[in-house]
Structures are given as structure tokens and as C-alpha cells.
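Here's the letter readout for the chains.
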Amino acid sequence: MSTFAKAIRPLSRVGRQACLRKRQTVLPGIQHARTFITTSRLLQTTIGEPQDLSDVEPSPISHLSDIESMMKDSVSKFANEVMLPRVRDMDEAEAMDRDLIQKCFEQGLMSIEIPEEYGGSGMNFTAAIVAIEELARVDPSVSVMVDVHNTLVNTAILKYGTKESHEKWLPKLASDTLGSFCLSEPASGSDAFALKTRAEKTENGYKINGSKMWITNANEAGFFIVFANLYPEKGYKGITAFLVERHAAGFKIAKKEKKLGIKASSTCVVTFDDVEVPKDALLGEEGQGYKYAIGLLNEGRIGIAAQMCGLAWGAWEHAANYVWNDREQFGQKVGTFQGMQFQLAQAWTEIQAARALTYNAARLKEAGKDFVREAAMAKLYSSQVAGRVSGSAIEWMGGSGFTRDTLAEKYWRDSKIGAIYEGTSNIQLNTIARLLEKEYKK
């Protein structure tokens, strides 16, 4: 399969030119012509400056630009032809297929928002959301690997890195180096800023000591963004972000967790024993790590929402195909019974509602609007829907759904993490309520 990111790039350039031509078109009686939202109209710069959307006609939330539609179709083809045959084996082995990781790089899935000058695909945020959702329809484990690499790691370098760090790291992150985001600790999960990992200045840079827990991609990653407190006396305002390479002396993957779901995705304990990094390993500014973490996780939650939407969709269609085409009871297909049809319809409605929340949050983010509440709502609801739909799918398939001969039970196991990582459901509810109170309290 050819790299679809390269195939899409010419369309991206044509789309931008066509967009400019459309903006110059004047219709009779109308001062400025309006067009549907397109990728190029929404594309943000790497420093977060939004495009002017004042003359853009509102379009359906589910509307995708030509580029995003091509991304959706290409990723779906990749997921079903390349990923699907490996899904069960990876789940049973509790390990990501290394060859599949490289194929994800080759297809441009690991560099969706990285500019072309650094070897990336040069696309927009929603294109990444589309890819994450499509991957999750087949395997949420691969989806979260791609999600964390794109929405947390790549975004962190693009937003807060120097020109030198862009030149050093973005080509690697676009081609063959998997990234990992190290924030959580044994006593610092939802209360992320209670972290105990410490950093201290040295003559040549910094020294890091401590440990991290629940770190996604750690077993395969070659690059880590590590949050440590450089000035403990300042509390959370001392938290600073550092760039650490896997081969750094004193760095160790201490333990790989055995999990209920997303088993192919590695989740590890990472330790730092006098890990020394140079001065240019500082990401952004000293003491600003807590701000970076908050901003990145707010964006990352839209990615998790997309993962949960894709999971729910995959579980639904897996079961729907079975009950409408294979399983028979009382002389007719199970899916033709009204009771079953009502359940399928209800589940489908909830999936589409979750997708609407998710894509609304993504478009708000691209437009430079406040999206924190909407991201929390999307993650909260999509994880709830994923749990309900994947659980129901097992029941719809009967005994077959309960066995490992199908993927129904895997979707349900994978769904449980949605209410936990990148902010638990209670944290999302707290965020939503806090922002509503701020708006309505007099």
C-alpha cells in the first residue's frame, strides 16, 4: 500500500488554492461569497493562531473536507487490510506488532499535524481525530498509540519546542521514533500536580529523579516528554517539562502492566535514577510545565473521545452484521425482531450523539475558540456510550459474543479505560460543572 499521506498532500495544496478563489468570488447582491468549511479554512499554524472564520458558512458538524474524507477512507482501508489480521494475536500476546508500528509511520499516521518541511503530513487537527476514530473501529490499542503520539507528544513539540528542537525531533517523530508522555505517578493520577518526580539544575543541564506510572507507549517509545518539579518550594508552579531519550543513563522501563483491555498498547512504570539531560532538553520554559500539561490534556481528551466513538462504532457494526446476516432464532434472523431493532437503533443514536460532541470540540479547537468544556463533555459521554454499546453487543451476539472467537468481548474490555485515562469521568464532570457555575453563578 502506498503512503496515503503523500497522496493526499497535492489535494491539500489544490484545496487551499480553490479556497482562495472561492473567497474572491462575488455573487449578485452578495458582498462576499460563503463556502462550506474546508480543512484549509480551519487549519491552524503551529503556534496556535486560528484562521479567520468570519465569512465561513456554518456546515454540519459531521461534514468532512475532501482531505479529511480521503483520510477516513484510506485509514479504514489500512485498518481492515493491515491491522485486522493482527488484532487478536496482539491482544493475546499483550504486545504491539513492531512491524505494524513502522507501517503506521510509513502511512503518515504518526505525523498528521507535523509540517511537511519536517517530513510530516501537514494536515489539521480534525484529520487526526478522523484517523484515531477509524483506527479504533478495528483496534483501540493501535488507536491510542497513534493518538498519544500525535495529540500529546507531537503537539507538545510543535507548540512549546524551539526551532532547534523542531529540527531535531520532528523528523524523527515523523519517521521512526515513537513518543511517550510521562505525567502520571503512583500518588499523582487525577491530582496530577502532586507529582513527586524531581529535577535539579546541573552545570550542563538538569538531573531527574523519580518514577512515573501508567505510561502509554513506554515499551516501544524512543522519546519521552517528562514532567518533573524543578522548584518544589513553588508547588505545582515548579513543574517543568523535559525531553528525555530512551538510551539516557539511569532511565529504565521498570514494569509493563498486565491489563484488562487495550492489551497490545504498552502501559509501563518508568524510573529515573540521576538521569542527566542537557540544557536544550528543556521544553518551553522552566516552571510552565503545569500549564503545558493542562493544555495538552484538554486537546488529548478530544482524541480519547474519538477513540471511544470509534470503539463503539466498531462494536456496533460487528454485532449488527452478525444479527442481521448470521444469527437465527425461531426461524428468522435475530436482527429482524423488533426488540433487537430498537436496541440497535438506540445504540446507533447514542454513537452519533457522541460523535457530534467530539467533532464539535475538534472544530472549536481548530477555530481557536474555547473548547475545554466541550472536550470534557465529549470524552465523558463517548466513554459512557462505548461501555454501553460494547456491552450490549456481546449480548446481541449471544454465546459467540462471549467467546474470544469474535472481537465483541475485546471491544468491551477496551472500553473500560475510556472512563479512566486522560482524566477520569468524575474529573470531566467536575470540569463541566465548574465551567457552568462560572457562567451562571451571579
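These figures come from a predicted structure and were not determined experimentally. (Residues numbered from 1 in each chain as written. Predicted model: local features only at pLDDT ≥ 70, side-chain atom pairs only at ≥ 80, totals over all residues. Heavy atoms only, no water.)

A. Local environment of helix α3 (residues 66-93). An ideal rise of 1.5 Å per residue puts 40 Å on 28 residues; α3 measures up with 38 Å between its terminal C-alpha atoms. Maximal helix bending in α3 amounts to about 55°, located at Met 83; proline Pro 85 follows within four positions. Downstream of α3 by one or two residues, Glu 94 has phi in the positive range, about 55°. (Helix = DSSP H or I, 4+ residues; strand = E, 2+ residues; numbered from the N terminus. Expected span 1.5 Å × (residues − 1). Bend = angle between axes of the 7 residues up to and from the residue.)

B. Spotlight on the pattern of salt bridges. For the structure shown, the criterion picks out 31 salt bridges. Note that Asp 91 and Arg 413 form a salt bridge whose closest N and O atoms lie 2.8 Å from each other. Placement of Asp 91 in helix α3 and of Arg 413 in helix α12 (residues 408-415) is noted, with a sequence separation of 322 residues between them. Judged on exposure class, the residue Asp 91 and its partner Arg 413 are both buried. Among the ionic pairs, Glu 439 bridges to Arg 373, the shortest N-O distance being 2.9 Å. (Salt bridge = Lys/Arg side-chain N within 4 Å of Asp/Glu carboxyl O. Buried < 20%, exposed > 50% of the residue type's maximum accessible area, 1.4 Å probe, protein only.)

C. Structural view of unusual backbone geometry. Positive phi outside glycine occurs at Glu 94, with the angle close to 55°. Take Glu 94: it is sitting in the loop between α3 and α4 (98-106). Residue Glu 94 is classed as buried on the basis of its relative accessible area of 15%. We note that Phe 330 has phi near 55°; this positive angle belongs to a residue other than glycine. Residue placement: Phe 330 occurs in the loop between β9 (328-329) and β10 (332-333). In this structure Phe 330 comes out as exposed when scored by relative accessible area, which is 78%.

D. Expanded view of the packing of α3 against α12. At a closest axis distance of 12 Å, the pairing of α3 and α12 adopts a crossing angle of 55°. What the angle tells us is that α3 and α12 run oblique. Here α3 runs over α12; the crossing is left-handed. Together, Val 87, Arg 88 and Asp 91 of α3 and Glu 409, Lys 410 and Arg 413 of α12 make up the contact between the two elements. Across the contact of α3 with α12, the residue classes tally to one nonpolar, no polar and five charged. (Axes fitted to C-alpha atoms, helices over the stretch in contact; angles between N-to-C directions. Parallel < 35°, antiparallel > 145°, perpendicular 65-115°, else oblique. Left-handed = near helix turned anticlockwise from the far one by under 90°. Contact = heavy atoms within 4.5 Å. Nonpolar A, V, L, I, M, F, W, Y, C, P; charged D, E, K, R; others polar.)

E. Layout of the pairing of strand β3 (residues 205-216). Sheet topology note: the strand β2 (residues 198-201)/β3 ladder contains four bridges and is antiparallel. Bridging from a neighbouring strand, Arg 198 pairs with Asn 209 of β3. Where β2 folds back onto β3 in an antiparallel hairpin, the turn is made up of three residues. Direction of pairing for β3 relative to strand β7 (residues 267-278): antiparallel, over a ladder of nine bridges. Bridge pairing links Lys 212 to Val 270 in β7. (Pairing = 2+ DSSP bridges.)

F. Examining a negative patch on the surface more closely. On the surface, Glu 200, Asp 273, Asp 274 and Glu 276 cluster together into a negatively charged patch. On the secondary structure map, Glu 200 appears in strand β2. Owing to a relative accessible area of 43%, Glu 200 belongs among the partly exposed residues under this scheme. (Patch = residues over 30% accessible without salt bridge, like charges linked within 9 Å, V, L, I, M, F, W, Y side chains within 5 Å. Areas by Shrake-Rupley, 256 points an atom, 1.4 Å probe, with all protein chains shown as cover. Lys, Arg positive; Asp, Glu negative; His and termini not counted. Charge placed at Lys NZ, Arg CZ, Asp CG, Glu CD.)

G. Just the confidence of the model for the chain, in detail. On average, the chain scores 90 in pLDDT, and the residues at 70 or more come to 87%. In this model residues 18-47 is a low-confidence stretch, pLDDT under 50, and it forms 57 contacts with partners more than four residues away in sequence or in other chains. (pLDDT = per-residue confidence, 0-100.)

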